[in-house]
Amino acid sequence: MVTTIPLHHWLSYLILREKRKQDAYKREANGDSNNCIKKNKAAQLEYIKTAVSVALLLVQSLILNTSSSLAAAQITIDSFSVVIDGDINLEENPEDEKLQRIIESVTQLQFIPSSEEDGSSTHAKTEQQESSTDDLLSEVGTLLHQLFCRGIKPATASKTDVPSPDEGDSDDSQLSDNEQPGAEKGRTKHSVRVAQKMMRRVNISSQDEHLLSFGVPRNLCRMVTDLLRWEGGNEETKFRSIDEVAEELMQIISKPNLFLYDDSGAVGRTGLTFGSTLYGRRDETARFLRAAMLVSLDMMETHLKQLILVNGLPGAGKSHFVESLIRSSSEFGWIYIHAKFDLQSQPLSVVTSAFNRFFVQILADRNAQEYVARVVSYLQANLSSSAIVSLCDLLPSIRILFPSVLRRVVSDDDELTSQSEVVAEDEFASSTQMSRIRLQILLRKLISALGRGERPLALFFDDLQWADDRCMELLSALLERDHLQELDDNDDTHCLFVGSFRSNEANDMLLSHFDNFERSASVDVTKIQLGGLAKVDSNIMISEALRLPARLTSPLNNLIQQKTTGNPFHIITFMQSLVKDSILNYSLFDHRWVWDIEAVKSTSIDKTVLELLARKLSQLPCDIVKALKVLSCLGPKVDDALMKYLHTSPESLQEFITCLDSAVEENILGKNEDNAYSFVHDMLKQSTYAIMTEEEKGEKHFWIGMHLLTNAPADNDEFNANIFSIVDQINTANSYGITDEALHMKFAELNLKAGKISVDLSDFQSALSYLKRGVSFLHGWQDGQYYDLSLQLYESAALVSYLNTGIGLMQKYLKILFENVRCFEDRLHGYLIMIQSLLSNGKHSEAIENILFILQELGEHISTDVASKEVYVELMSTKALLDAITPADVIHGKRLTDKSLRWRLRFLQLLSTPLYLLQPHLIGVTACRIVKLSLEHGFCSESAFGLQIYGQCISNIQKDADECIKWCQAALCLTESLGAKQMIPRIKTNIFLFAYWKEPLQAKIESLKENHSELLMAGDLEVLSLNAFHFGRRSLLCGRTLLTADKECAALLHEIHQHRQMNALLPMISNHLSILKLIGSNYDSKLQPSKPLFHLLGNSKIDSEDGLLHHALSSQLIGPTQQCYFDRLVLAFWSRNYSEAAEYAEKYSKCHQSVRFTEPFKTFYQGVSAFRLARLEDDKAREWADMGKTALSQYQTWVKYSDWNWENKLLLLEAESHACEGENEMAKSKFRASIDSAQRHRFVHEEGLASELLGTFLEENGEAEETKQQYAYARSCYQKWGAFALADRLLERG
């Protein structure tokens, strides 16, 4: 139901409500006239707001009727009716509640054109029809006047009686056409304009006065007078249609704070402000929000990471664009972290500082306690104690969240006093290669913790043009898929990655990374380019800044758009310069912004905005400029603590802050709630820095650096927090002409410290920069009191050069070091770096030669010309020593403190890597030497390595699994007691490799997966690959469902590929292909639907299994070659191609002397194949039978270690042996026993195998009915296993 009443009647109700409120306020005032006036104004404004809303409905109803002929005379207030929602009984003096309802329930206005009752003449009708748009607009002005002025019509007056108050351009229109700009005439022209402005102020129209007296805001006054007096207005700003009136009313209604409230006092205080509104960018916004919504609403059908790359010229508003849209999506509860790069800060520290700053803020928020608790819970569940400690070192603000973990770890570390010095020296050289991957994993886990549950995470990497390659590598790592987490359906991370960069400053490195993102199968990239604002959008921006409707600012906008090409920052800067030059002013008389349009035309924007900004800065007082120069030399934000270091006296500090506050008022600086100052735009910072001479820059940087160095707290943690700021300032100052040697040595020492901290943060590029500067401060190698400083700087510089793949630079530093050290021991760190470089570049023979020389100098003589018998003797002599003690004696034995002996053990361990590839039988010799030295002098982390390799060698040569497992377990316990946390997952991997002898094969699957995460955290990529391969092998051989194994192996394959461990991919791909072929598929269709797995190798020549094997053979990769042979053996065996299986088993055995995890399975497949061939090939029957019995004999030994793993296989070998001997009943019994054992021990694949072989045996003996039963049972087992190719093959036979 609706109620319709005439507009003039409804207007009387609106007037009545206002009068009632004013009467009530008067009664409440009790003589307080000021309060009464204030409340009366509020009542007036409430009236106006309601009237404006109805005015918009009125104009919209007119627009609907302009399609037909409409005469101005037909537009009267009586032509309109108000439609009110609901059935309302209208009365003359309704109660307040009903009155409110009548006023607030208006839904629309109906327009019914009036007609002449007396039958007007044809001439009158024609006159109506010929009413111009101007006449119609004038009548609209009359209607609006009545609405705003409580029903009163405007006074009748000539439309040209009084000049219209405008922004200055209409003044010029009254000048004669022949007046041209010039010196004299320019002054005359200006004088005319001034005179006209004065006339306007004296001659404000009576209509304006009338409107103002009714409390009508000035923008509405201007609208009404322009509609009524269009002839006297500015031609460019006059209304041209009723639609334009509607648009202006909508703009006023949408932003009443800007356009309705006359707040000249506030404008006078704040000056020209632009607020935080995002103007234009509709298409760009839609694309941004689409990607954000996919993340926030978890709409991703795949596990693609969402990356938005925003680019544009400086000043295009990239940062503002991103932050505005994240804020506008507040309903999703975004967690927002902003890392903004700049020229003064080390790039990687920008990232860590952003996370640290986020935690400082969120820990102070009481409403975020539940969220923080979830983050802590996730991190504790997914990170080891040592990883949490590393994360706390990276982000000191989160230490408070893990007090129990830190106390426990610190307590453990306190027990390691006996060898702390030796370990500290060595770990700097050995662990740095792992730290980069560790940092990536830690941040990935942290992002997973922050972006889980209901609140998505937005990570904004701002100004990427100033990021370095390491930061881009980190971003790439964060964007990589966590395949194992996805596999566990545990990837509940909702994170939006956003990057911005200046399109005119993007270098090749940055563009290369962007290309990689676009090619990545794991990243969905949304590219957004921000150009200049469209003319309509820049006009809205200017309109809202000036608090004037867009119609009035359009001429000014047209000029500014031409000069700035719509660049938002350029628009702001140019307009501020107009204010500074008094071309654009806020008139307290007119209560609005006014401008001289001709002066705007003649004002040129400088060649570059930097020049414009420089001119702006030059107009500021000297003390403010001086303070800004200091800020321009610092990072993106300057807080209270930093300012106190620069100004130790309260007076100078207050003067400095006063200057900064003045810069805030000038819109040059911003100040946040924490009293931290920053430039409102980095271009302002650049401009401030650019106005200084090089000498002045050096002076400022040196002054800042020395004040920070002198006044920063001496506490180690506090000093480390400021070390980068101190050193960056000193380095940038280029020592500012300081020649004092002691000061230079101090600067060298500071750079050394900054370099080492950068290495801990995996920021190797920054570390190299610091260390190179440190070396330069030495001015050559220094002996005497600065010898140790020289030694550390050159060692560290060589190491970090190697880590940055700067081999030539590394060799340069090592050459100087080797030429100047005092003794051989001082060469050892350098030698270690050199050997690591040789190994990483594949120069294994040269590495062995150098290590043997170093060991000889250290007193350890190793020969590479050693026969297997001599290796056996070495192992037996070591075994005799170990037999005399227990593992507990090792775990709790004395610790090695002799530094020279520790170096011997270190190089013995290092020797194992190239020996494994070139002379693997010699690994046992190095392991035994390590164990013997440790038994004699004390134990260290290298001792654990020696013990586990010794155990493996004993297992290979003596087949003694108990001895192997015992000493591998001892190695793990020793590692834990030493606190060598990074080695623990490595030792665990080796234990898992040999645990299969005694523990159920299925038992360690989950442990291997957990260890995978620990290895990632440790950054141990070499053993990570071994662990991943072993996981895949065990998944294939233990009877795990092949479909699950397929997904797991695919995830691991892609993870290893992400870490570029290309050699490890060979055997992993071979293993995965075996799984796929057993399933009945050749390719990884889920992850790469159109490409085979071979594409991961990045070698177009490897496109088949044959290509894989050929590459392994030609590259002399013994391990991968052996595993390729094993996979061929597996497929041949399960395909019942026994001759081929026997051939590949023989090739497998010739590859390597050591026992691998696959050895018992090779023996099993070889034994079964041999027994089958003995029955098929009469001429070689005895030879094949003997080979089968050899396998049977080995299994009779192995089953003593674990009946779970080996019993069913032994029974099957025995069944085949009885079948060869013609002992059919015994054979049947063993076949059935094997089936039963495989079922009990959950080897469904071997249950099917035994059943199939029993069926074959029965078929050979003519028992057709039971043969079908066994084949059917075998087929069901293969289907449970997921080996559909095998099930289909049996279907054909059945």
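Our subject is the structure that appears above.
No experiment lies behind these values; they were computed from the predicted model shown.

Topic: the overall build of the chain
- Counting secondary structure elements, the chain contains 61 helices and 12 strands.
- Considering only contacts in the chain between residues 6 or more positions apart, those separated by 24 or more positions represent 74%.

Focus on the sheet that holds strand β2 (residues 80–85)
- Here 3 strands make up an open sheet; going across it, the order is β1-β2-β3 and the pairing antiparallel. Every other strand in the sheet has two partners, leaving β1 (2–6) and β3 (106–111) as the edge strands with one partner each. The sheet shows a mean angle of 25 degrees between the axes of neighbouring strands, direction not considered.
- Pairing of β2 with β3, which is carried by 5 bridges, proceeds in the antiparallel orientation. Along β3, the bridge assignment pairs V83 with Q108.

Remarks on a negative patch on the surface
- Where like charges cluster on the molecular surface, the negative patch consists of D639, D640, E673 and D674.
- For E673, the position within the fold is in the loop between β11 (669–671) and β12 (677–679).

Description of the pattern of salt bridges
- All told, the structure shown has 57 salt bridges when counted by the stated rule.
- Here E1260 makes a salt bridge to R1175, at a shortest N to O gap of 3.3 Å. Here E1260, found in helix α59 (residues 1244–1260), pairs with R1175, found in helix α55 (residues 1159–1176); they are 85 residues apart in sequence, far enough to count as distant.
- Owing to a relative accessible area of 43%, E1260 belongs among the partly exposed residues under this scheme.
- Taking the relative accessible area as the measure of exposure, R1175 reaches 22% and is therefore partly exposed.
- When salt bridges with common partners are traced through the structure, they connect K340, D462, D463, R502, E505 and D682 into a single cluster.

With respect to the state of the cysteines
- As enumerated under the stated definition, the model contains 0 disulfides in all.
- C221 carries a free sulfur, and the closest cysteine sulfur to it, the one in C149, is 7.7 Å from it.
- By relative accessible area, C221 is classed as buried at 5%.

Considerations on helix α58 (residues 1224–1240)
- Here α58 is 17 residues long and its end C-alpha atoms lie 24 Å apart, about the 24 Å a rise of 1.5 Å per residue gives.
- Residues of α58 that are buried: A1227, K1228, F1231, S1234, I1235, S1237 and A1238.
- On its buried face, α58 sits against α57 (1203–1220), α59 and α60 (1264–1281).
- Two residues or fewer past α58, R1242 is found with a positive phi of approximately 65 degrees.

Focus: the sheet that holds strand β4 (residues 305–312)
- Across the sheet, 5 strands lie side by side as β5-β6-β7-β4-β8; this open sheet has parallel pairing. Of all the strands in the sheet, just β5 (335–340) and β8 (523–530) have a single pairing partner and so form its edges. Between one strand axis and the next, the sheet turns by 15 degrees as a mean value, whatever way the strands run.
- As judged from the 7 bridges shared by β4 and strand β7 (residues 495–502), these two strands associate in the parallel manner. Bridging across to β7, Q306 finds its partner in L496.

So, the environment of F1133
- Note that F1133 resides in helix α53 (residues 1118–1134).
- The spatial distance from the C-alpha of F1133 to the C-alpha of Q1166 is 8.5 Å, given a sequence separation of 33 residues.
- Once residues within four sequence positions are removed from consideration, F1133 is found in contact with Y1138, A1141, Y1165, V1168, S1169 and L1249.

With respect to the pairing of strand β9 (residues 584–587)
- Relative to strand β10 (residues 592–595), β9 runs antiparallel, the two sharing 4 bridges. In the strand pairing of β10, Y586 is matched with W593.
- In this structure, the hairpin formed by β9 and β10 is closed by a connection of 4 residues, where H591 is found at a positive phi of approximately 60 degrees.

Some thoughts on the environment of F80
- Structurally, the position occupied by F80 is in strand β2.
- Sequence spacing of F80 and H8 is 72 residues, and the spatial spacing of their C-alpha atoms is 8.2 Å.
- Ignoring sequence-local partners within four residues, the contact set of F80 consists of P6, L7, L58, S61, L62, I75, L109, Q110, F111 and L143.

Concerning the side chain of N356
- Among the structural elements, N356 can be located in helix α15 (residues 347–363).
- Separated by 2.8 Å, the side chains of N356 and S397 make a polar contact.

Concerning the side chain of E480
- Mapped onto the secondary structure, E480 falls in the loop between α21 (469–479) and α22 (483–487).
- Look past the residues within four positions of E480 in its chain and what remains in contact with it is K305, R444, S522 and Q1058.

Quick word on the packing of aromatic side chains
- Taken as a whole and assessed by the stated rule, the structure comprises 35 aromatic pairs.
- Between F1126 and Y1148, the ring centres sit 5.9 Å apart and the planes meet at 55 degrees, which makes this aromatic pair tilted. Taken together, the positions of F1126 in helix α53 and Y1148 in helix α54 (residues 1138–1151) put the pair 22 residues apart, joining distant regions of the chain.
- Above the face of the Y787 ring, R822 is positioned so that its terminal group lies 3.8 Å from the ring centre.

Some words on helix α5 (residues 133–148)
- Taking 1.5 Å of rise per residue, 16 residues should cover 22 Å, and α5 covers 22 Å from first to last C-alpha, within 8% of that figure.
- Of all 16 residues in α5, 12 are buried, a share of seventy percent or more.
- Along α5, the positions that sit buried rather than exposed are L136, L137, S138, V140, G141, T142, L143, L144, H145, Q146, L147 and F148.
- One or two positions beyond α5, positive phi appears at R150, with a value near 60 degrees.

Considering the packing of α55 against α57
- Where α55 contacts α57, the axes come no closer than 9 Å and their chain directions differ by 15 degrees. Our classification of the angle between α55 and α57 gives roughly parallel. Between α55 and α57 the crossing geometry is left-handed. Taking contact as the criterion, the partners of P1160, F1161, F1164, G1167, V1168, F1171, R1172, A1174 and R1175 in α55 are, on α57, W1206, K1209, L1212, L1213, E1216, S1217, A1219 and C1220.

Thresholds applied
- Residues numbered from 1 in each chain as written.
- Predicted model: local features only at pLDDT ≥ 70, side-chain atom pairs only at ≥ 80, totals over all residues.
- Heavy atoms only, no water.
- Helix = DSSP H or I, 4+ residues; strand = E, 2+ residues; numbered from the N terminus.
- Contact = heavy atoms within 4.5 Å.
- Pairing = 2+ DSSP bridges.
- Axes fitted to C-alpha atoms, helices over the stretch in contact; angles between N-to-C directions.
- Patch = residues over 30% accessible without salt bridge, like charges linked within 9 Å, V, L, I, M, F, W, Y side chains within 5 Å.
- Areas by Shrake-Rupley, 256 points an atom, 1.4 Å probe, with all protein chains shown as cover.
- Salt bridge = Lys/Arg side-chain N within 4 Å of Asp/Glu carboxyl O.
- Lys, Arg positive; Asp, Glu negative; His and termini not counted.
- Charge placed at Lys NZ, Arg CZ, Asp CG, Glu CD.
- Buried < 20%, exposed > 50% of the residue type's maximum accessible area, 1.4 Å probe, protein only.
- Disulfide = S-S within 2.5 Å.
- Expected span 1.5 Å × (residues − 1).
- Polar contact = N/O pair within 3.5 Å; in protein donor to acceptor, adjacent residues only side chain to side chain.
- Phe/Tyr/Trp six-rings, centres within 6.5 Å; stacked < 30°, edge-to-face > 60°.
- Lys NZ or Arg CZ within 6 Å of the ring centre and 35° of its normal.
- Parallel < 35°, antiparallel > 145°, perpendicular 65-115°, else oblique.
- Left-handed = near helix turned anticlockwise from the far one by under 90°.

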